[in-house]
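# Notes for the structure review
Take a look at the letters that make up each chain.
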Amino acid sequence: MAEIVSFGEFETLPKKGYVSLRRKKQFVMIGREQYAVDVGINIKDLAANARLLEQPKGSMCNYVVRVTDPAQVDATLLAGSGGI
């Protein structure tokens, strides 16, 4: 979250199983899995990448990145469209 604050103003909306970060619409969803944190990214047409899990059409986010180690929260992930 300390890194995401540098993106500018947004609101944080806690939900039952995740936290939604939004401006006019949700741009990131952060949810917990058993041994990981899923970061949902709501952006279209990212290049294919091993870390990037494309979600079915109609999902809340277009892509999910599963984070199992704090070191995976790196500049590439924070760039969003930078090639994750």
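Refer to the preceding data block for the structure.
Note that the structure is predicted; figures quoted are calculated from it, not measured.

## Here's the deal with the pairing of strand β2 (residues 18–22)
In this sheet, β2 lies alongside strand β1 (residues 11–14) in antiparallel orientation, the contact comprising four bridges. Bridging across to β2, L13 finds its partner in S20. What sits between the antiparallel neighbours β1 and β2 is a turn of three residues. Of the strand pairs in this sheet, β2 and strand β3 (residues 26–32) are connected by five bridges, and their pairing is antiparallel. Paired with R22 across the strands is Q26, a residue of β3. A loop of three residues connects β2 with β3, the two strands running antiparallel in sequence.

## Here we look at the side chain of D38
Checked against the element boundaries, D38 lands in strand β4 (residues 37–41). Residue D38 is classed as buried on the basis of its relative accessible area, which comes to 8%. A polar side-chain atom of D38 sits 2.7 Å from a polar atom in the side chain of R66. Ignoring anything within four residues of it in the chain, the contact list for D38 reads M29, I30, G31, E33, V64, V65 and R66.

## Overview of the environment of Y35
Assignment of secondary structure puts Y35 in the loop between β3 and β4. Each C-alpha atom, one on Y35 and one on V67, is 8.9 Å from the other, the two residues being 32 residues apart in sequence.

## Quick look at the nonpolar core
Counting 12 residues, the largest nonpolar core consists of I4, L21, F27, V28, V39, I41, L46, L52, Y63, V65, V67 and L77. At the level of elements, β3, β4 and β6 (63–67) are the ones that each hand at least two residues to this core. Broken down by element, the residue count for this core peaks at three residues, all from β6.

Reading the values: rules and limits
Residues numbered from 1 in each chain as written. Predicted model: local features only at pLDDT ≥ 70, side-chain atom pairs only at ≥ 80, totals over all residues. Heavy atoms only, no water. Pairing = 2+ DSSP bridges. Helix = DSSP H or I, 4+ residues; strand = E, 2+ residues; numbered from the N terminus. Buried < 20%, exposed > 50% of the residue type's maximum accessible area, 1.4 Å probe, protein only. Polar contact = N/O pair within 3.5 Å; in protein donor to acceptor, adjacent residues only side chain to side chain. Contact = heavy atoms within 4.5 Å. Core = buried A, V, L, I, M, F, W, Y, C linked by side-chain atoms within 4.5 Å.

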